[in-house]
Amino acid sequence: MSDKKKEKDAPNPYKETLHLPVTEFPMRASLTEREPQRLAKWEAEGLYQQIQEKRRGSRKFILHDGPPFANGDVHMGTALNKILKDLVVKSKTMLGWHAPFVPGWDCHGLPIEFRVVKESTGLTPVEVRRRSEEYARKYIDIQRNSFKRLGVFGDWENPYLTLDPGYEADIIRVFAKLVEQDLVYRMKRPVLWSYGAGTALAEAEVEYKDKVSPAIYVSFALASANLPAALEGANLVIWTTTPWTLPANLGIALHPDFDYVVGEFTNAENIAARFVVAKSLLNEFATKTGFSLVTELAQMKGREFVGLETQHPFLPRTSKVINGLFVTADTGTGQVHIAPGHGADDYQAGRENGMEILSPVDGRGHYTAEVGLPDLVGKHVFQANEPIIALLTEKGALLARESYAHQYPHCWRSKTPIIFRAVEQYFIRVEQIRSKALEEIDRVKWLPAWGRNRIYGTVESRPDWCISRQRTWGVPLPVFYHADGTPVVSAEVARKVADIIEQVGTNAWFEKSDAEWATLVGLPEGAVKGNDTLDVWIDSGCSHVAVLDRHPELHSPADLYIEATDQHRGWFQSSLMLSVVARGAAPYKSVITHGFVVDTSGKKVSKSDQGNDKNAKPMTADHYYNKYGADLVRLWVSSVDYQNEVPFSEELFQQASESYRRLRNTLRVLLGNLDGFNAAEDAVEADQLTLVDRWILSQLENLKQECREAYDAYDFRKVFVLLNQFCAVDLSALYVDITKDRLYCDATSGLRRRATQTAIHRITDALCRLLAPILSFTADEAWEYLGHQTSVHLEDFPELDPSYVNPEATAAVQELLKVRAVIQQAIEKARQEKRIGSNLEATVELTLPESGFQHPVFEALPTLEEFFILSVLTIKRTDASEPSAVVLESPHQKCARCWKHVPAVGHQPHADLCDRCDEAVA
RNA sequence: GGGCCUGUAGCUCAGUUGGUUAGAGCACCGCCUUGAUAAGGCGGGGGUCAAUGGUUCGAGUCCAUUCAGGCCCA
């Protein structure tokens, strides 16, 4: 090692003559401080409105916002969703479209009502609704602030709310259309019922508690004519923990694939009988009832029993034998008692098998006359278990009884056990719109493509849509009842209701008396309004009517919907169905779905996990934009494959930070090198550009085109990768590194220097535009430092200019890079051996094969030295097949200004300078 | 249990119609630089392509099964 290497370099006396990068654009982003300032600036300038004004008249692109529920803070999943939408809106805008974005909120529904009712009991419906609205509006404000803070552009001052009177009126008008098309019917259906509170409950209002119930084995004698010999005189046997539902028994379900044994059984008292029992449960049956199998007469599959009938044990009617996949073999007999009015599976099975929905129980839990047993009428169902068991014993149908401890649902308020009770509900006849809906599915573009199958399967198999809810915080189901209880389900009446609601809101439904309403809608005296509200999926499913059709800036069908994959069954489906009803077509032209946010081990993360796991990471967006900044949240979104589950962790934010720093520092050095450059005066003509300039601008053209295409295909991840690679590889490692020498050391107005500044100017301009949708804050900030007074968000993506596409330069640089790799390896070896430090201390003897590397640049030593960042390069050609390089310590003096070790150093007048620097200083 | 989907380096992802030693960025390790400096450059290590079986001259890429995970149902 030379002595001069060890010497501490004296301060460069020529430093003042260098053109080092100068810019106020800070290296440190300080996003959490700067972003709010920029946000305030945008708001003060009315940037969103400016964008709308500027784009008015351009072709329109409508991304319709699916309304998040106005409950809780913005979760990372919600942030992902909104940022994806924003990436679409911003990129479509910069691609030349007019893409207004009207955000919305879903305001009605149980979770809010539940919260309100939990806080204080005994509220009137009007008060529940008042507080629910207050609650919803509070969270709308919270969420709106988060979305804005994340840099999402939209008409935040005029969002759509499903509680707006106009919106509510449109929901009711859609209901009128449903009625008009004869799609609405009324039918009993079992619901979770609290006899203590006298009301229907939702799943969320049920608490599971321990309860001991009587569990009984009951035999049902087969009663069909022409039974197979083995089944003559045989009995099916069911096991149930709700004896009180037996009066409503209308069927017995067997699993189609289970094996059932038909046989002669006897017990300790030598009573013999012929039973059917699931084979796998024979032992349990014997233990519990005392009846053990003596003679097996036959084995049959469950499906072979279908169509038979049994005699009801104490009522004068028969029960149907059916199959059901819900039948299990854990307990009982593999045969399930079916009371369609008292259970969800029972109901489904009952409907599929043409059974009545019998539910002889009133709202207080007492039997009605329908029960068929005079002694039981008026008795509470839980008081009826013993009399029924006694009756079964008397009829000889009771084979065994036991006490059974299990988790049983209880009402969260009255704490009483809940029962399944069938009440009248309203349904949409899906069958009548199904085929049209399926047709429409194939007219929509689904991204990813498998989304088509997902929703198709859902629509294909979905049962009729139950649209009534026994709730308060919702849009009223606009039906009335005559004094005799006859329902009035009328499109005309519904439209009158809608017109009134439009003026005063749905609270009026609850505030005005029945008599007032009857008068208003023209019904005879004595008519009363219904108490049901509409399923909230009707609310959001009407947005294409209540928002797209109503809002002057928007149109229907929308060009695009974007939501998480759960919405195939949810909003995408409800919107499709109601749009088929309202306009005979799908409400969207294309649909994008994204995955759910999962942690790095691939497990889902949800709000509910937060409470249970004390180590759980924060999952609300505010934590992340307050800690890292919105641009980092946005960069994270752009970096993932959103069509799958989206991995999320604090570690990923560290990773995004690294990418961010690279992007930011690249912008910074570009801006710094533009110091003193006036594009209008100093830019050079294209034909004056040097090889590397032509090459980088050709790369830039490529980047522009690929980014445009990726944005157009909603492939933000690809944009992220392209921009990262361009900044890290093409710019940072190559172009900027190579051109430092000319930028810093050449004369201010030197042609090479100006050529590179010209290129850098083009590059920086393009980068700011291409980055704008993703790094909305940072790109705008850099744009400002580029000398612009207005926001980058008012600009288009950079236009393609094919004249800069330069295959010749690209081919040359590709060859140069191959050689560069060889040289760098040789230099690295020398460096590891401590023979040299920086590249400029080396002299490289390059050997090239005779063939290949024929580009004229290989004859231009100064260009090669610059490209490889070397002081001195020599080349010889041999018959070797691959290039090779030998690295020697340079024998030349170091130029005090540019640090190159070249022969020119040592001449007068500046003995410590090379010729180039001598000229530059002069 | 059913429907739809996913499983490639520590992390996030590329891998065209099956065909040379499976790629990128980040992270990691070592070196250089101190004129992008709470920056920058160079070099390097790292993958049984979830597993098993099959089709094929040849499979990360096709088929089957299994395992793990997600959404929606039951």
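What counts as what
Chains are numbered independently. Their residues run from 1 in the order of the written sequence. By the order in which they are written, chains take letters starting at A while ligands take numbers starting at 1. Local features in a predicted model are, by the rule used here, given only for residues with pLDDT of at least 70; side-chain atom pairs are given and counted only at 80 or more, and totals for whole chains, interfaces and linings are based on all residues. Side-chain metrics in this entry use all non-hydrogen atoms of the structure; hydrogen atoms and water are not considered. Comment: elements are numbered from the N terminus, with helices defined as DSSP H or I runs of at least four residues and strands as E runs of at least two. In this scheme, a residue with accessible area under 20% of its type's maximum is buried, one over 50% is exposed, and one in between is partly exposed, where area comes from a 1.4 Å probe on protein chains only. The contact criterion used is simple: two residues touch if any of their non-hydrogen atoms lie within 4.5 Å. The protein chains shown are the only cover counted for residues, whose accessible areas, like all others here, come from Shrake-Rupley with a 1.4 Å probe. By the counting scheme adopted, Arg and Lys are positive, Glu and Asp are negative, and His together with the chain ends is not counted. A charged residue contributes its charge at one atom only: NZ of Lys, CZ of Arg, CG of Asp or CD of Glu. We call Phe, Tyr and Trp rings a pair once their centres come within 6.5 Å, taking the six-membered ring for Trp, and we label the pair stacked below 30 degrees between planes, edge-to-face above 60, and tilted otherwise. The criterion is that NZ of a Lys, or CZ of an Arg, lies within 6 Å of the ring centre and within 35 degrees of the ring normal, and then a charge sits over that ring. Here a helix's expected span is defined as the number of its residues, less one, multiplied by 1.5 Å. As used in this record, nonpolar core signifies buried Ala, Val, Leu, Ile, Met, Phe, Trp, Tyr and Cys residues forming a set joined through side-chain atoms within 4.5 Å. Here a strand pair is declared whenever DSSP counts at least two bridges between the two strands. Angles here are taken between N-to-C directions and fall from 0 to 180 degrees, while the axes themselves are lines fitted to C-alpha atoms, restricted in helices to the stretch in contact. Here roughly perpendicular refers to angles of 65 to 115 degrees, roughly parallel to angles under 35, roughly antiparallel to angles over 145, and oblique to all remaining angles. Left-handed describes a crossing in which the near helix is turned anticlockwise from the far one by less than a right angle; the clockwise case is right-handed. Each residue is assigned to one of three groups, with Ala, Val, Leu, Ile, Met, Phe, Trp, Tyr, Cys and Pro labelled nonpolar, Asp, Glu, Lys and Arg labelled charged, and all others, Gly among them, labelled polar. Polar contacts, as used here, are pairs of N or O atoms within 3.5 Å; protein pairs need one atom able to donate a hydrogen and one able to accept it. Residues neighboring in sequence count only if both atoms are side-chain atoms. Consider each residue's heavy atoms; a residue with any of them within 4 Å of a molecule or strand counts as near. A pair is scored as a salt bridge if a Lys or Arg side-chain nitrogen falls within 4 Å of a carboxyl oxygen belonging to Asp or Glu.

Novice: Lay out the overall build of chain A in plain terms, naming residues and giving numbers.
Specialist: Check the secondary structure of chain A and you find 30 helices and 30 strands. Summarising its shape, the C-alpha atoms of chain A cover approximately 125 × 70 × 45 Å along the three principal directions. Out of the 922 residues belonging to chain A, those deemed buried represent 56%. A separation threshold of at least 6 residues defines the contact pool for chain A, and within that pool the share at least 24 residues apart is 77%. For chain A, the accessible area works out to roughly 38700 Å², and carbon and sulfur atoms hold 50% of it. In chain A, 103 positive and 124 negative side-chain charges are present, and the distance between their average locations comes to 2 Å.

Novice: Report on the environment of Pro849, specifying residues and quantitative values.
Specialist: Tracing the chain through its elements places Pro849 in strand β28 (residues 842-849). Sequence-wise, Pro849 and Thr878 are 29 residues apart; in three dimensions their C-alpha atoms are separated by 5.2 Å. Apart from residues no more than four positions distant in its own chain, Pro849 is found in contact with Arg877, Thr878, Ala880, Ser881, Glu882 and Pro883.

Novice: Run through the packing of aromatic side chains, naming residues and quoting values.
Specialist: Under the defined criterion, the tally for this structure stands at 39 aromatic pairs. Considering the side-chain rings of Tyr160 and Tyr167, the 6.0 Å spacing of their centres and the 10° angle between planes classify their relative orientation as stacked. Assessed through its relative accessible area of 5%, Tyr160 is described here as buried. With relative accessibility at 3%, the residue Tyr167 sits in the buried group. Seen from their ring centres, Tyr624 and Tyr628 are 6.4 Å apart, and the 5° between their planes marks the pair as stacked. Classification of Tyr624 by relative accessible area gives buried; the value is 0%. Judged by its relative accessible area of 10%, Tyr628 is buried. The rings of Tyr217, Phe265, Phe275, Phe285 and Phe291 are connected pair by pair, giving a single aromatic cluster. Looking at Lys92, its charged tip hangs above the ring of Phe61, at a distance of 4.8 Å from the centre.

Novice: I'd like to hear about helix α28 (residues 807-832), residue by residue, with values.
Specialist: An ideal rise of 1.5 Å per residue puts 38 Å on 26 residues; α28 measures up with 37 Å between its terminal C-alpha atoms. Every buried residue belonging to α28 is among Ala809, Thr810, Ala812, Val813, Leu816, Val819, Ile823, Ala826, Ile827 and Ala830, and all of these are buried. Backbone geometry just downstream of α28 places Lys834 in the positive-phi region, at approximately 60°.

Novice: Could you give an account of the nonpolar core, with specific residues and numbers?
Specialist: If you look at the biggest cluster of nonpolar residues, it comprises 153 residues, and the most contacted ones within it are Trp636, Leu731, Ile763, Leu767 and Ile823. If one sorts the elements of this core by residue count, helix α25 (residues 716-745) sits on top with 15 residues. Once residues lying within four places of it in the same chain are set aside, the contact partners of Ile763 are Leu670, Ile696, Leu697, Leu700, Phe726, Leu731 and Tyr735.

Novice: Can you lay out the sheet that holds strand β14 (residues 335-338) for me, pointing to particular residues and giving the numbers?
Specialist: Judged by pairing direction, the sheet is mixed, and its four strands sit side by side in the order β12-β13-β8-β14 without closing on themselves. Two strands bound the open sheet, and with one partner strand each, they are β12 (309-311) and β14. The sheet shows a mean angle of 30° between the axes of neighbouring strands, taken without regard to direction. Pairing of strand β8 (residues 251-254) with β14, which is carried by four bridges, proceeds in the antiparallel orientation. Opposite Ile252, over in β14, you have His337 as the bridge partner.

Novice: Can you explain the packing of α25 against helix α26 (residues 751-771)? Please cite residues and give values.
Specialist: For the pair α25 and α26, the least separation of the axes is 11 Å and the interaxial angle reads 160°. Classified by the angle their axes make, α25 and α26 are roughly antiparallel. Like other packed secondary-structure pairs, α25 and α26 cross with a definite hand, here left-handed. Facing α25, whose interface residues are Leu723, Phe726, Cys727, Leu731, Tyr735, Thr739, Asp741, Arg742 and Leu743, α26 presents Arg752, Arg753, Thr756, Gln757, Ala759, Ile760, Ile763, Leu767, Leu770 and Leu771. Class assignment of the residues belonging to the contact of α25 with α26 gives a composition of twelve nonpolar, three polar and four charged.

Novice: Please give an account of the side chain of Thr506 that cites residues and values.
Specialist: With respect to the secondary-structure elements, Thr506 resides in the loop between α13 (491-504) and α14 (507-511). Within the structure, the side chain of Thr506 is placed 2.6 Å from the side chain of Arg129, a separation counted as a polar contact. When sequence neighbours within four positions are dropped, the list of residues in contact with Thr506 reads Arg129, Glu168, Val475, Pro476 and Ile501.

Novice: Please provide a residue-by-residue account of the protein's contact with RNA strand B, values included.
Specialist: The local shell around RNA strand B holds 54 residues, among which Asn12, Arg668, Arg717, Gln725 and Arg820 are the closest. Here RNA strand B approaches the protein such that, of its atoms within 4 Å, sugar and phosphate make up 81%. A distance of 2.7 Å separates a base oxygen of RNA strand B from a polar atom in the side chain of Arg454. A distance of 2.5 Å separates a base nitrogen of RNA strand B from a polar atom in the side chain of Ser732. Of all elements in the fold, only α22 (650-673), α25 and α28 reach the threshold of two or more residues within the surface near RNA strand B. Taken together, the residues of the surface near RNA strand B break down into 16 nonpolar, 14 polar and 24 charged.

Novice: Residue-level account of the sheet that holds strand β25 (residues 588-594), with values.
Specialist: Taken in spatial order, the four strands of this open sheet run β1-β24-β25-β17, and their pairing is parallel. Across the chains shown, the open sheet's two edge strands, defined by having one partner strand only, are β1 (63-64) and β17 (445-447). The sheet contacts of helix α18 (residues 571-583) involve β1, β24 (558-564) and β25, and relative to β24 the element is tilted by about 145°.

Novice: Just give me the short version of the packing of helix α24 (residues 691-712) against α25, but keep the residues and values in it.
Specialist: At their nearest, the axes of α24 and α25 sit 10 Å apart, and the two run at 170° to each other. The orientation of α24 relative to α25 falls into the category roughly antiparallel. By residue class, the composition of the contact of α24 with α25 is 17 nonpolar, two polar and five charged.

Novice: Which residues make up α18, and what values do they have?
Specialist: With 13 residues, α18 extends 17 Å from end C-alpha to end C-alpha; this agrees with the ideal 18 Å at 1.5 Å per step. Buried residues dominate α18, accounting for twelve of its 13 residues. Those residues of α18 not exposed but buried are Trp571, Phe572, Gln573, Ser574, Ser575, Leu576, Met577, Leu578, Ser579, Val580, Val581 and Ala582.

Novice: Account for the pattern of salt bridges, naming residues and giving values.
Specialist: Counted according to the given criterion, the structure contains 67 salt bridges. Linking Arg916 and Asp746 is a salt bridge whose minimum nitrogen-to-oxygen distance equals 2.9 Å. Of the two residues, Arg916 sits in helix α30 (residues 915-921) while Asp746 sits in the loop between α25 and α26, which places them 170 residues apart along the sequence. Judged by its relative accessible area of 8%, Asp746 is buried. Salt bridges sharing partners connect three or more residues here, namely Asp693, Asp741, Arg742, Asp746, Arg752, Glu866, Lys900 and Arg916.

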